[in-house]
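Overview (structure and organization)
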Amino acid sequence: MIYFDIVVIGAGHAGCEAGYAAAKLGFKTCLLTINLDLIGQMSCNPAIGGLAKGHIVREIDALGGLMARIIDKTGIQFRMLNKSRGPAVQAPRAQADKVLYRIEMRKALEETQNLYLVQDIAKRIVVQNSSVKGVELESGNFIACNKVIVATGTFLGGKIFIGDRTYPAGRTNELSSFSLADSLKELGFNLTRFKTGTPARVHRDSIDFSKMERQDGDEPPPFFSFSPPQRKVEQIPCYLTYTNERTHEIILKNIHRSSLFSGLIQGIGPRYCPSIEDKLKKFPDRERHQVFLEPESRYTVEYYVNGVSTSLPVEVQYEYLRTIKGLENVEILRPGYAIEYFAIDPLSLKPDLQSKEIDGLYFAGQINGTSGYEEAAGQGLIAGLNAALSLKGEEPVVLGRDEAYIGVMIDDLVTKGVDEPYRMFTSRSEYRLLLDHYSADKRLMPIGHRVGLIDERTFQRMLDKYEEIERYSKEVLPLPLKKVFKNDFFIAHPEVDWGRIQTFEKLLKRPEFSFSYLSSYVFDRYKSDYQVEIETRVKYSGYIERELQRVERLKELERVKIPENFSFQIPGISREVREKLEKVRPLNLAQASRIPGITPASISILLLAIRKR
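For clarity, every value in this text was computed on a predicted model and none was experimentally measured.

It is the contact of helix α6 (residues 245–253) with helix α9 (residues 314–321), at a shortest axis distance of 8 Å, that shows an interaxial angle of 160 degrees. Regarding the angle of α6 to α9, the classification is roughly antiparallel. Of the two possible hands of crossing, α6 and α9 adopt the one that is right-handed. Facing Arg246, Thr247, Ile250, Ile251 and Lys253 of α6, the residues of α9 in contact are Val316, Glu319 and Tyr320. Partitioned by chemical class, the residues of the contact of α6 with α9 number four nonpolar, one polar and three charged.

The sheet built from six strands is open, its strands ordered β16-β17-β18-β19-β15-β20 with antiparallel pairing. Edge strands, defined here as strands with exactly one partner in the open sheet, are β16 (213–215) and β20 (332–334). Put simply, the sheet's adjacent strands are angled 35 degrees from each other on average, direction ignored. Bridge count between strand β15 (residues 201–203) and β20: two bridges; the pairing is antiparallel.

Here we come to the side chain of Asp352. You can see Asp352 is positioned in the loop between β21 (337–344) and β22 (361–363). Despite being buried, Asp352 has no salt bridge partner; Lys350 is the closest side chain of opposite charge, sitting 5.6 Å away. A polar side-chain atom of Asp352 sits 3.0 Å from the main-chain amide nitrogen of Gln354. If we skip the residues at most four places from it in the chain, Asp352 touches Tyr362, Asn386, Pro396 and Val398.

To continue, consider the packing of helix α18 (residues 531–539) against helix α19 (residues 541–558). One way to put it is that α18 packs onto α19 with a least axis distance of 5 Å and a crossing angle of 75 degrees. Judged on the interaxial angle alone, α19 and α18 are roughly perpendicular. Of the residues in α19, those in contact with Thr536, Arg537, Val538 and Lys539 of α18 are Ser541, Tyr543 and Ile544. When the residues that make up the contact of α18 with α19 are grouped by side-chain class, the tally is three nonpolar, two polar and two charged.

The next subject is the packing of aromatic side chains. Think of a pair of aromatic rings as described by two things: how far the centres are apart, and how the planes are tilted against each other in angle. Under the defined criterion, the tally for this structure stands at 18 aromatic pairs. Where Tyr472 meets Phe515, the ring centres are 6.2 Å apart and the plane angle is 40 degrees; that geometry is what we call tilted. Taken together, the residues Tyr472 in helix α13 (residues 456–475) and Phe515 in helix α17 (residues 515–518) connect sequence positions 43 residues apart. Exposure remark for Phe515: the relative accessible area of 1% places this residue in the buried category. Judged by centre distance (5.5 Å) and plane angle (70 degrees), the rings of Phe566 and Phe568 are edge-to-face. You'll find Phe566 and Phe568 in the same group, each marked buried.

Relative to the helices and strands, Tyr337 is located in strand β21. When the C-alpha atoms of Tyr337 and Gln379 are compared, they prove to be 26 Å apart, with 42 residues separating the residues in sequence. When residues no more than four places from it in sequence are discounted, the contact partners of Tyr337 are Ser43, Ile160, Phe161, Ile162, Arg171, Thr172, Thr196, Gly197, Thr198 and Thr310.

This next bit is on unusual backbone geometry. A cis geometry characterises the amide bond from Glu219 onward to Pro220, with omega recorded as -5 degrees. Within the secondary structure layout, Pro220 lies in the loop between β16 and β17 (238–242). Of note, the phi angle at Asn129 is positive, near 50 degrees, even though the residue is not glycine. For Asn129, the position within the fold is in the loop between β8 (122–128) and β9 (131–137). Using a relative accessible area of 77% as the deciding quantity, one classes Asn129 as exposed.

The subject of this paragraph is the nonpolar core. The tendency in soluble globular proteins is for nonpolar side chains to be buried side by side. Core analysis: the largest hydrophobic core is formed by 131 residues, its most contacted members being Ile9, Leu109, Val148, Ile406 and Phe485. Take this core: its biggest share by element is 10 residues, from helix α10 (residues 373–391). Residue contacts for Phe485: discarding those within four places in its chain leaves Phe490, Phe504, Leu507, Leu518, Tyr521, Val522 and Phe523. Core analysis: the second largest hydrophobic core is formed by 23 residues, Val291, Leu293, Tyr303 and Val316 among them.

Within β17, five of the five residues are buried, which leaves the element mostly enclosed by the surrounding structure. By the alternation rule, side chains of β17 split into Cys238, Leu240 and Tyr242 and Tyr239 and Thr241, which are all buried. Pairing geometry for β17 and strand β18 (residues 290–295), over four bridges, is antiparallel. Within β18, the position partnered with Tyr239 by the bridge is Leu293.

This next bit is on the pattern of salt bridges. Under the defined criterion, the tally for this structure stands at 39 salt bridges. For Arg171, the salt bridge identified is with Glu174, shortest N-O distance 2.9 Å. Accessibility expressed as a relative area gives 16% for Glu174, which makes it buried. Ionic pairing is found between Arg401 and Asp411, a salt bridge with its closest N-O pair at 2.8 Å. With a gap of 10 residues between them, Arg401 in the loop between α10 and α11 (405–416) and Asp411 in helix α11 connect regions that are remote in the sequence.

Definitions and limits used
- Residues numbered from 1 in each chain as written.
- Predicted model: local features only at pLDDT ≥ 70, side-chain atom pairs only at ≥ 80, totals over all residues.
- Heavy atoms only, no water.
- Axes fitted to C-alpha atoms, helices over the stretch in contact; angles between N-to-C directions.
- Helix = DSSP H or I, 4+ residues; strand = E, 2+ residues; numbered from the N terminus.
- Parallel < 35°, antiparallel > 145°, perpendicular 65-115°, else oblique.
- Left-handed = near helix turned anticlockwise from the far one by under 90°.
- Contact = heavy atoms within 4.5 Å.
- Nonpolar A, V, L, I, M, F, W, Y, C, P; charged D, E, K, R; others polar.
- Pairing = 2+ DSSP bridges.
- Buried < 20%, exposed > 50% of the residue type's maximum accessible area, 1.4 Å probe, protein only.
- Lys, Arg positive; Asp, Glu negative; His and termini not counted.
- Salt bridge = Lys/Arg side-chain N within 4 Å of Asp/Glu carboxyl O.
- Polar contact = N/O pair within 3.5 Å; in protein donor to acceptor, adjacent residues only side chain to side chain.
- Phe/Tyr/Trp six-rings, centres within 6.5 Å; stacked < 30°, edge-to-face > 60°.
- Core = buried A, V, L, I, M, F, W, Y, C linked by side-chain atoms within 4.5 Å.

Okay, structure coming up:
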């Protein structure tokens with residue numbers, strides 16, 4: 001028998017962040033994985049970030065996690081999405097070198113004091129008197145511990161589907177874990193089957209890129225971390241092509257051979273990342289669908305065919321891929337496949353991601369019903385952090401919906417539950433103007449610094465940044481235009497009524513003038529490195545103020561705590577509402593108000609009952 005303070009089961013994106021956070025806070029942590037060589041593996045597309053997902057990566061960095069630093073170090077193409085729109089919905093995205101990403105993630109973990117990487121398979125979680133005591137391993141060993149974080153990804157009861165062929169696996173040709181699934185069932189967890197999938201990977205030299213639309217990265221690269229690397233990136237382009245009528249004809253002719261439509265797959269798939277078969281069924285009038293060719297690494301010839309995930313037989317994959325422009329002679333290196341796996345009901349978790357029934361048992365990532373590397377990593381960081389804080393006897397970190405997309409995601413999971421794989425979108429946040437990725441450091445670094453994940457130097461740099469933004473807002477923005485701008489600016493814009501616009505701030509409020517455009521006309525002493533933050537403050541000040549007022553009203557409901565043993569047997573509350581309240585066991589009135597089906601009238605009755613008590 002060996003002893004660790006914390007055991008993390010699984011070394012995917014959730015497990016890596018959980019193990020890192022727990023160890024950084026000073027606790028002896030075991031990161032348990034089926035294969036040490038595949039720590040931080042990108043099972044699906046070789047990319048990090050995107051809309052809302054990029055926000056989460058910036059939040060992970062602001063809290064002191066790893067993902068942003070590793071992708072900045074290993075990315076092969078960087079882009080800022082939605083540059084023409086407002087900052088709330090802009091987001092960074094990077095193509096990853098999946099080989100280097102895995103290597104650098106393992107290196108970072110191995111260099112983390114108190115963190116031990118162990119190759120074995122968790123067989124059973126041992127619980128006594130509703131508290132975690134340890135983990136039994138398939139090797140016969142036993143790890144005694146105080147906290148366990150389950151971050152199994154698609155490996156828990158994983159099953160691969162390619163046409164009519166099916167076999168147990170966590171990823172192609174990798175072991176899955178069924179004993180641990182049985183253990184969780186024995187502990188009382190309701191498991192459901194979810195499904196996801198991937199497209200084929202193809203040989204670079206069999207692609208005719210000249211027939212496709214080239215997509216280059218942005219220069220300079222928009223890195224994720226608030227402490228970006230001093231790195232010159234030789235960016236590799238991606239390419240865009242499309243399916244066509246012939247492609248669709250072949251897929252539809254063989255759709256009965258797809259595992260998804262033959263009845264072999266029982267799990268629920270992600271609505272927002274459907275297979276190509278699913279797309280053709282749901283959007284029969286679409287003449288074509290986008291297909292992106294994305295490099296997997298500088299050091300391999302593999303390309304990811306983004307947009308055509310499938311569970312069709314391999315020979316059908318060849319047939320339809322070769323109808324696509326530029327892929328007429330394509331050679332498949334790895335076929336696409338679907339995978340089913342077990343997930344728990346996240347309503348069985350507290351907002352700190354700990355089980356409601358078993359002390360010391362935490363869950364993070366796809367096992368909670370989410371999809372995506374970024375969603376998993378955000379949960380892993382919070383679970384690892386809270387497991388460590390619990391051992392310290394400190395209050396958990398529970399991020400508010402107004403503080404982070406990670407907070408929105410976890411609140412959605414533990415308050416509303418899931419009936420399909422959950423993916424983060426900016427539209428899920430009612431406060432997205434407050435959650436732009438540029439300001440994640442201001443919102444979350446104080447938390448990361450307080451708990452010990454953000455060092456003093458990084459924290460001070462953030463304070464200096466916002467002190468400079470505040471100084472600029474007070475001293476420069478109110479200045480007369482002629483003080484700030486060179487004469488050629490006024491000559492270039494004779495259409496502007498300069499009698500009405502007299503200060504820099506009033507000019508910046510106008511939608512047709514961005515700070516990036518104006519900066520070329522500004523005298524050097526009035527330039528700023530924080531254009532986006534300053535422009536957001538000026539252009540969106542009225543909207544932001546209204547959102548802050550809404551947040552304050554929400555805080556009033558959050559201040560009304562619901563006692564842990566509170567009885568919802570209250571006159572005036574229907575049985576349906578009572579059952580929902582008892583299932584979720586909300587911590588406060590704000591969380592109660594977000595449970596689907598809970599009416600404002602029920603909240604008023606509940607408030608009176610709490611005050612009476």
